[in-house]
Amino acid sequence: MDTFGISNFGLFCAAVLLLNATPGPDTAYIVGRSVAQGRAAGLMSAMGISAGCCVHAVASAVGLSAILAASATAFMLVKLAGGAYLVYLGLRMAMVKPGNASERTAARDVRSRRTIFWQAVVTNVLNPKVILFFLAFIPQFVRADAPRQTMAFLLLGLAFAAISMCWNSGTAILAGTLARHAGQNPRIRLWLERTVGATFIALGAKLALSRN
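Anyway, here's the lowdown on the structure attached to this text.

Cut-offs and rules
Residues numbered from 1 in each chain as written. Predicted model: local features only at pLDDT ≥ 70, side-chain atom pairs only at ≥ 80, totals over all residues. Heavy atoms only, no water. Helix = DSSP H or I, 4+ residues; strand = E, 2+ residues; numbered from the N terminus. Buried < 20%, exposed > 50% of the residue type's maximum accessible area, 1.4 Å probe, protein only. Contact = heavy atoms within 4.5 Å. Areas by Shrake-Rupley, 256 points an atom, 1.4 Å probe, with all protein chains shown as cover. Phe/Tyr/Trp six-rings, centres within 6.5 Å; stacked < 30°, edge-to-face > 60°. Core = buried A, V, L, I, M, F, W, Y, C linked by side-chain atoms within 4.5 Å. 1 Å grid on protein atoms, 1.4 Å probe; cavity = no way out; pocket = protein on both sides within 12 Å on 5 of 7 lines; lining within 4 Å. Points joined across faces, edges and corners; volume = space filled by probe spheres on them. Nonpolar A, V, L, I, M, F, W, Y, C, P; charged D, E, K, R; others polar. Patch = residues over 30% accessible without salt bridge, like charges linked within 9 Å, V, L, I, M, F, W, Y side chains within 5 Å. Salt bridge = Lys/Arg side-chain N within 4 Å of Asp/Glu carboxyl O. Expected span 1.5 Å × (residues − 1). Axes fitted to C-alpha atoms, helices over the stretch in contact; angles between N-to-C directions. Parallel < 35°, antiparallel > 145°, perpendicular 65-115°, else oblique. Left-handed = near helix turned anticlockwise from the far one by under 90°.

### Structural notes on the overall build of the chain
Part 1 of the argument: For the chain, the count of helices and strands is 10 helices and 0 strands.
Part 2 of the argument: Taken over 212 residues, the chain has a buried fraction of 45%.
Part 3 of the argument: Sequence-distant contacts, at least 24 apart, represent 84% of the contacts inside the chain between residues at least 6 apart.
Part 4 of the argument: Taken as a whole, the chain presents about 10,800 Å² of accessible surface, with 68% of it coming from carbon and sulfur.

Below, the structure is given as structure tokens:
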């Protein structure tokens, strides 16, 4: 890593792991899909979140994130879009109607894995907190005299995405397993989905209305 001007890589990995352990919109989306459609859907969500992290890595490497953060109007639009999208996803889960097992299974299967993946990407890309994180956090581990700063940003971004994938996959498997056991009682599963949906709505509102 010294070749690219990256310093304290071990500390970077530890910090990323701790940050992933902090609940937020990404975790909520993964848990929501795992509860609604099982572990496979949760793992697909984790892949989408990691893909979104790669988008942020590329944006920060070429300077797009800095430009976005410097524009108050553009940043506010991203915040509003991200918050509205989370509220929309939350409403879809919170308004699910009770029914027999076959009806509920059919309803859950409507959302394809491709849709789940791209929804996860959008959830991550539209999260302004992630933009600011890449701007404020990653530069701390790139030396000012690094000969290949762009490559350093990309490598750290990819490392961030890989660590996130590992953590989020564990979250998806755990949530999916618990949901499968709870699924034996349709009423419990219904309220699990509604609770996750309400969490999405609260996170979306907080994101859109936050001043930072």
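### Overview of the packing of aromatic side chains
Part 1 of the argument: What the rule picks out here adds up to 4 aromatic pairs.
Part 2 of the argument: Measuring from ring centre to ring centre gives 5.3 Å for Phe 12 and Phe 141, while their planes differ by 75 degrees; the resulting arrangement is edge-to-face. One end of the pair, Phe 12, is in helix α1 (residues 9-20); the other, Phe 141, is in the loop between α8 (128-136) and α9 (149-182), and 129 residues separate them in sequence.
Part 3 of the argument: Joined through ring pairs, the aromatic side chains of Phe 9, Phe 12 and Phe 141 make up one cluster.

### Notes on the environment of Gly 38
Part 1 of the argument: Looking at the secondary structure, you find Gly 38 in the loop between α2 (25-37) and α3 (39-62).
Part 2 of the argument: Sequence separation between Gly 38 and Thr 177 is 139 residues, and the spatial gap between their C-alpha atoms is 7.4 Å.

### Topic: the side chain of Thr 123
Part 1 of the argument: Structurally, Thr 123 can be placed in helix α7 (residues 113-125).
Part 2 of the argument: Every residue in contact with Thr 123, bar those within four places of it in the chain, is listed here: Pro 25, Asp 26, Tyr 29, Tyr 85, Leu 86 and Leu 89.

### Digging into the nonpolar core
Part 1 of the argument: Counting 22 residues, the largest nonpolar core has Phe 12, Phe 134, Phe 137, Ile 138, Leu 156 and Phe 160 as its most contacted members.
Part 2 of the argument: Put simply, the parts of the chain that give this core at least two residues each are α1, α3, α8 and α9.
Part 3 of the argument: Those residues in contact with Phe 160, other than ones at most four positions away along the chain, are Phe 12, Val 16, Cys 53, Phe 133 and Phe 134.
Part 4 of the argument: Membership of the second largest hydrophobic core comes to 13 residues, among which are Tyr 29, Ala 46, Ala 120 and Val 121.

### Structural notes on the layout of surface pockets
Part 1 of the argument: Roughly 610 Å³ of volume is contained in the largest pocket.
Part 2 of the argument: Contributing to the lining of the largest pocket are 23 residues, with Thr 22, Gly 24, Pro 25, Asn 127 and Lys 129 lying nearest its centre.
Part 3 of the argument: For the lining of the largest pocket, the class distribution of residues is 11 nonpolar, 9 polar and 3 charged.

### Here's the deal with a nonpolar patch on the surface
Part 1 of the argument: On the surface, Met 76, Leu 77 and Leu 80 cluster together into a nonpolar patch covering about 270 Å² of accessible area.
Part 2 of the argument: Assignment of secondary structure puts Leu 77 in helix α5 (residues 72-94).
Part 3 of the argument: Residue Leu 77 is classed as exposed on the basis of its relative accessible area of 54%.

### Observations regarding α7
Part 1 of the argument: With 13 residues, α7 ought to run about 18 Å at 1.5 Å a step, and its terminal C-alpha atoms sit 18 Å apart, in line with that.
Part 2 of the argument: When α7 is considered as a whole, its buried residues turn out to be Ile 116, Phe 117, Gln 119, Ala 120, Val 121, Thr 123 and Asn 124.

### Examining unusual backbone geometry
Part 1 of the argument: For Asn 8, which is not a glycine, the phi torsion comes out positive at approximately 55 degrees.
Part 2 of the argument: With respect to the element layout, Asn 8 can be found in the segment before α1.

### Looking at the packing of α2 against α3
Part 1 of the argument: In contact at an axis separation of 7 Å, α2 and α3 are set at 155 degrees when each is read in the N-to-C sense. In terms of their interaxial angle, α2 and α3 are classed as roughly antiparallel. As for the relative orientation of α2 and α3, their crossing is right-handed in sense. The segment α2 lies against α3, with Asp 26, Tyr 29, Ile 30, Arg 33, Ser 34 and Gln 37 engaging Arg 39, Ala 41, Gly 42, Ser 45, Ala 46 and Ile 49.
Part 2 of the argument: Broken down by class, the residue content of the contact of α2 with α3 amounts to 5 nonpolar, 4 polar and 3 charged.

### Regarding the environment of Ala 159
Part 1 of the argument: Along the chain, Ala 159 turns up in helix α9.
Part 2 of the argument: The buried category is assigned to Ala 159, whose relative accessible area is 14%.
Part 3 of the argument: As a C-alpha pair, Ala 159 and Cys 54 span 105 residues in sequence and 9.4 Å in three-dimensional space.

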